[in-house]
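Chains, contacts and geometry: an overview
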Amino acid sequence: MSERSFSIRFWGVRGSYPVPGASTVRYGGNTPCVEVQVNGYTIILDAGTGIIPLGRELMRRARANGKTVEAVLLFSHLHHDHTQGFPFFAPAFVPSTRLHVFGPDFLASSPKVTLDTVMNPPYFPIRLAELNAWLGFATLRETDVILVGESVGGVALFSAGDTVPAADPNLVLIRILRSYAHPQGVLHYRIDWRNHAMVYATDTEGYVNGDRRLANFAHGVDLLIHDAQYTDEHYLGLVPGLPNTQGFGHSTISIAVQAAQASEAKRLVLFHHAPEYSDDQLDFIQEQVERIQPGTLVAQEGMTLTLYDEAEPLPPQERPVPVNLQRKG
């Protein structure tokens, strides 16, 4: 795969808490972490325990290529299953690493405040301030835009009222949608590059007739990664021994499919699996969803999807066009 590509790899696909063991070997037991490699840049979505093996892999690549680790880390929100891997993220202990950290500031708890609290005795022996890497923190609002590319000096955050640079087809564009369909709220992210796009919409629940804001935000994307923690039966409290989960802030398979159909996403990936579900149960879900929405995938650790690779030219009618970076309003 060339540097000028757009690919996604799943490192942690579970919700709530890690579930290592014989019954989760194939789909994986780590909590949320997704790696996006786009135009030679690394973007990390959430820092559940999946970020731990990702960190080791980023260090391996850096040694092999004679480069340093630089990445953008985007937190959807700051619940424990989305932050618990960060204290064990190996590149954060290396002085040459540059890590641009973004996330929400719900209830006056920004990513920096949250990680500083977690990485503090008696909870953890090493403080955030003692990490050797360069760490840049910023909080995000729904009107913000992040641009990634050489013409903006690497990584740049633009807020409402800022002048956004003229369209550059080599820039990666990251936009934000704040959802209220999860306790304390959550940020969804859309990543665009050249005429290809993905949306990461974890930890969200449905609405009557679907989430229209999300449908507009994700309209026409190549890939929609959507929370689907529960089966419909589990969600409704119809599974013996499992609680009714309406209002927990997580979706069902049918809610995720509805979101994909409403947004006209080209492919759906079900994400944030319930920790109670075994590999066999997730196999059954894959069979079910294939009948409902053909081409849908149940996320697995190690699964890699490529949206674009310059080394494999697209047919002429599908060649990418410059992304329009003009801000609205």
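As shown above, the structure is provided for reference.
Thresholds applied
Along each chain, residues carry numbers from 1 onward, in the same order as the chain's sequence is written. Totals for whole chains, interfaces and linings use every residue, but because this is a predicted model, local features are given only for residues with pLDDT of at least 70 and side-chain atom pairs only at 80 or more, for both listing and counting. For the side-chain quantities, the full set of heavy atoms in the structure was used; hydrogens and water were omitted. Relative accessibility under 20% of the residue-type maximum defines a buried residue, over 50% an exposed one, and the middle range a partly exposed one, all with a 1.4 Å probe and only protein chains included. Per the convention used, a helix needs a DSSP run of H or I reaching at least four residues, while a strand needs a run of E reaching at least two, with both numbered from the N terminus. Here the arc refers to the set of directions running from the helix axis out to each C-beta atom. Contact definition: two residues touch when any of their heavy atoms are within 4.5 Å. For every element, the axis is a line fit to its C-alpha atoms; helices are fit only across the contacting stretch, and the angle between N-to-C directions ranges from 0 to 180 degrees. We call a crossing left-handed when the near helix sits turned anticlockwise from the far one by less than a right angle, and right-handed when that turn is clockwise. Residues are grouped as follows: Ala, Val, Leu, Ile, Met, Phe, Trp, Tyr, Cys and Pro are nonpolar; Asp, Glu, Lys and Arg are charged; all remaining types, including Gly, are polar. Think of a salt bridge as a Lys or Arg side-chain nitrogen and an Asp or Glu carboxyl oxygen that are within 4 Å of each other. Side-chain atoms within 4.5 Å link the members of a nonpolar core, which is a set of buried Ala, Val, Leu, Ile, Met, Phe, Trp, Tyr and Cys residues. The criterion for strand pairing is that DSSP finds at least two bridges linking the strands in question. Stacked, edge-to-face and tilted are the three classes for Phe, Tyr and Trp ring pairs, Trp counted by its six-membered ring, which pair at centre distances within 6.5 Å; planes under 30 degrees apart are stacked, over 60 edge-to-face, the rest tilted. Two N or O atoms form a polar contact when they lie within 3.5 Å of each other; inside protein one atom must be a possible hydrogen donor and the other a possible acceptor, and for residues adjacent in sequence the pair counts only when both atoms belong to side chains.

Looking at helix 2 (residues 111-118)
- Looking at helix 2, one finds that the buried residues are P111, T114 and L115. The arc enclosing the buried residues of helix 2, seen along the axis, measures out at 90°, which places them on a common side.
- Of the surrounding elements, those touching the buried residues of helix 2 are strand 5 (98-103) and strand 6 (134-139).

Examining the packing of helix 5 (residues 253-263) against helix 6 (residues 279-292)
- Between helix 5 and helix 6, the shortest axis-to-axis distance is 11 Å and the interhelical angle comes to 35°. Of the two elements, helix 5 crosses helix 6, and the hand of that crossing is right-handed. Together, I253, V257 and Q261 of helix 5 and I285, Q288, V289 and I292 of helix 6 make up the contact between the two elements.
- Of the residues belonging to the contact of helix 5 with helix 6, the class tally is five nonpolar, two polar and no charged.

Describing unusual backbone geometry
- Each neighbour pair has its own omega, and for P121 with P122 the value is 10°, a cis peptide bond.
- Here P122 lies in the loop between helix 2 and strand 6.
- For S16, which is not glycine, the phi torsion reads 75° and is therefore positive.
- With respect to the helices and strands, S16 occurs in the loop between strand 1 (5-12) and strand 2 (33-38).
- Residue classification places S16 among the partly exposed positions, given a relative accessible area of 35%.
- Of note in the backbone geometry, N39 takes a positive phi value of approximately 55° without being a glycine.
- With respect to the element layout, N39 can be found in the loop between strand 2 and strand 3 (41-45).

Some details on the pattern of salt bridges
- If you walk through the whole model with that rule in mind, you get ten salt bridges.
- Between E70 and R98 there is a salt bridge, with the nearest N and O atoms lying 3.8 Å from each other. Highlighted residues: E70 in strand 4 (residues 70-74) and R98 in strand 5, separated in sequence by 28 residues.
- Assessed through its relative accessible area of 37%, E70 is described here as partly exposed.

Some thoughts on the nonpolar core
- Membership of the largest hydrophobic core comes to 35 residues, with the highest contact counts inside it found for F6, I8, F10, M198 and I225.
- Residue contributions to this core peak at four residues, all from strand 10 (residues 186-193).
- Apart from residues lying up to four places away in sequence, I8 is in contact with V34, E35, V36, M198, L223, I225, M303, T304, L305 and L307.
- Counting residues in each nonpolar core, the second largest holds 28 residues, with A197, A260, A265 and A274 among its members.

Notes on the sheet that holds strand 13 (residues 268-271)
- Spatially, 8-7-9-10-11-12-13-14 is the arrangement adopted by the eight strands of the open sheet, whose pairing is mixed. Edge strands, defined here as strands with exactly one partner in the open sheet, are strand 8 (154-158) and strand 14 (297-298).
- Note that strand 13 and strand 14 share two bridges and pair parallel. From the neighbouring strand, V269 faces strand 14, where its bridge partner is L297.
- Against the sheet, helix 5 engages strand 12 (223-227) and strand 13, with an angle of about 150° to strand 12.

Quick look at the packing of aromatic side chains
- The full count for this structure, using the stated rule, is four aromatic pairs.
- Taken together, a centroid distance of 5.6 Å and an interplanar angle of 65° make the contact between Y200 and F271 edge-to-face. Of this pair, Y200 sits in strand 11 (residues 196-201) while F271 sits in strand 13, and the two are 71 residues apart along the sequence. The two residues Y200 and F271 agree in class, both being buried.

With respect to the side chain of T202
- Along the chain, T202 falls in the loop between strand 11 and helix 3 (212-217).
- For T202, a relative accessible area of 0% gives the class buried.
- Side-chain polar atoms of T202 contact the side chain of D203, separated by 2.8 Å.
- With near-sequence residues (within four places) excluded, T202 lies in contact with D46, S76, H82, V186, H188, I225, D227, F271 and H272.

Some thoughts on the environment of T231
- Looking at the element boundaries, T231 is found in the loop between strand 12 and helix 4 (232-235).
- Distance in space between the C-alpha atoms of T231 and T24 is 17 Å, their sequence separation being 207 residues.
- Leaving out residues up to four positions away in the same chain, T231 has contacts with T252, I253, Y277 and I285.
- For T231, the side chain forms a polar contact with the main-chain nitrogen of H234, separated by 3.1 Å.

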